[in-house]
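If you want the building blocks of each chain, they are given just below.
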Amino acid sequence: MASPSTGRTAVLSLQLSRAHQDLRRRLADLRANLGRPRPHGGDDRLLTHCLAFCTALTNHHQGEDDGLFAQLLRERPDLAPTIANLVEDHGLITGILTRVRHLADQAAGRPDADLEAIGRELDGLAAIMDSHFGYEERAIGAALDAGVRDDGWSEPVLRFRAPRDPAP
């Protein structure tokens, strides 16, 4: 279906897959840099990175729940059980993101911060995200490519405005 902003037809399943890859990459970067020494003895860089990632993933899922999935349900009510499963996954992921934010907030500015606890949460998040994204792409990919009216849902779902890694 044509995008209202550009008028171009897009393969939405491919765009969704690319958005998921970007989120996976951001999480991998966060995990890889978790144990690295922070410049100037414990600044708030860890908190900034965690919050940027958490914001991007939260916005993506809210855009799906409020926009994409709502539109799919109007056009494809047969997908209701699948969408219910995806929304349930979003709830699980939200719980993990809440714990990550809390742990990152506690760790900010503390040289003795428990980075292992954050790492465990991020490892669990990575596993759930990978499973969730794969299921979502398989379960709704064909429906997306058949065309879904875009009433603005694509912006938060497919393009992220959360800040990238801050400059060193």
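Here's what I pulled together on the structure shown here. Here the structure is a predicted model, which means the values were calculated and not measured.

About the cut-offs
Residues numbered from 1 in each chain as written. Predicted model: local features only at pLDDT ≥ 70, side-chain atom pairs only at ≥ 80, totals over all residues. Heavy atoms only, no water. Helix = DSSP H or I, 4+ residues; strand = E, 2+ residues; numbered from the N terminus. Expected span 1.5 Å × (residues − 1). Bend = angle between axes of the 7 residues up to and from the residue. Salt bridge = Lys/Arg side-chain N within 4 Å of Asp/Glu carboxyl O. Buried < 20%, exposed > 50% of the residue type's maximum accessible area, 1.4 Å probe, protein only. Polar contact = N/O pair within 3.5 Å; in protein donor to acceptor, adjacent residues only side chain to side chain. Core = buried A, V, L, I, M, F, W, Y, C linked by side-chain atoms within 4.5 Å. Contact = heavy atoms within 4.5 Å. Axes fitted to C-alpha atoms, helices over the stretch in contact; angles between N-to-C directions. Parallel < 35°, antiparallel > 145°, perpendicular 65-115°, else oblique. Left-handed = near helix turned anticlockwise from the far one by under 90°. Nonpolar A, V, L, I, M, F, W, Y, C, P; charged D, E, K, R; others polar. Disulfide = S-S within 2.5 Å.

What follows covers helix α2 (residues 45-75). Over its 31 residues, α2 extends 43 Å from the first C-alpha to the last, a length consistent with the 45 Å expected when each residue adds 1.5 Å. In the structure, α2 departs most strongly from a straight axis at Glu64, where the bend amounts to approximately 40 degrees.

A word on the pattern of salt bridges. Under the definition given, this model contains nine salt bridges. We note a salt bridge from Arg26 to Asp22, for which the minimum N-O separation is 3.3 Å. Linking Arg26 with Asp22, this pair stays in helix α1 (residues 12-33), spanning four residues, or about one helical turn. Notably, a salt bridge pairs Arg25 with Asp29, separated by 3.0 Å at the nearest N-O pair. Placement of the pair is Arg25 and Asp29 together in helix α1, with a separation of four residues, close to one helical turn. The partly exposed category is assigned to Arg25, whose relative accessible area is 34%. Each of Asp22, Arg25, Arg26 and Asp29 takes part in salt bridges that share partners, so that together they form one network.

On the accessibility criterion, Asp22 (15% relative accessible area) is buried. Within the structure, Asp22 has its side chain in polar contact with the side chain of Arg25 (distance 2.7 Å).

Nonpolar side chains tend toward joint burial in soluble globular proteins. Counting 44 residues, the largest nonpolar core has Phe53, Leu57, Leu68, Leu72 and Leu125 as its most contacted members. Broken down by secondary-structure element, the contributors of at least two residues to this core are α1, α2, α3 (80-107), α4 (115-146) and α5 (154-158). Setting aside anything within four residues of it in sequence, one finds Leu57 in contact with Leu23, Ile93, Leu97, Leu125, Met129 and Phe133.

Now for the packing of α1 against α2. Where α1 contacts α2, the two axes come as close as 10 Å, and the packing angle between them is 155 degrees. If you check the angle between α1 and α2, you find them roughly antiparallel. In this structure, α1 meets α2 at a crossing whose hand is left-handed. For the pair α1 and α2, the contacting residues are Leu16, Ala19, His20, Leu23, Arg26, Leu27 and Leu30 in the first and His49, Cys50, Phe53, Ala56, Leu57, His60 and Glu64 in the second. Residue composition of the contact of α1 with α2, grouped by class: nine nonpolar, three polar and two charged.

This part covers the environment of Cys54. With respect to the secondary-structure elements, Cys54 resides in helix α2. Note on Cys54: relative accessible area 0%, which makes it buried. Along the primary structure Cys54 and Ile96 are separated by 42 residues, whereas in three dimensions their C-alpha atoms are 9.7 Å apart. With residues near it in sequence (within four places) discarded, Cys54 still touches Leu97, Val100 and Arg101.

Between α1 and α4, the shortest axis-to-axis distance is 9 Å and the interhelical angle comes to 175 degrees. Here α4 runs roughly antiparallel to α1, going by the angle between their axes. When its residues are assigned to classes, the contact of α1 with α4 shows 12 nonpolar, five polar and seven charged.

Turning next to the state of the cysteines. Inspection of every chain in the model, using the stated rule, returns zero disulfides. Sulfur of Cys50: no disulfide; nearest cysteine sulfur belongs to Cys54 and is 5.9 Å away. Residue classification places Cys50 among the buried residues on the basis of a relative accessible area of 0%.

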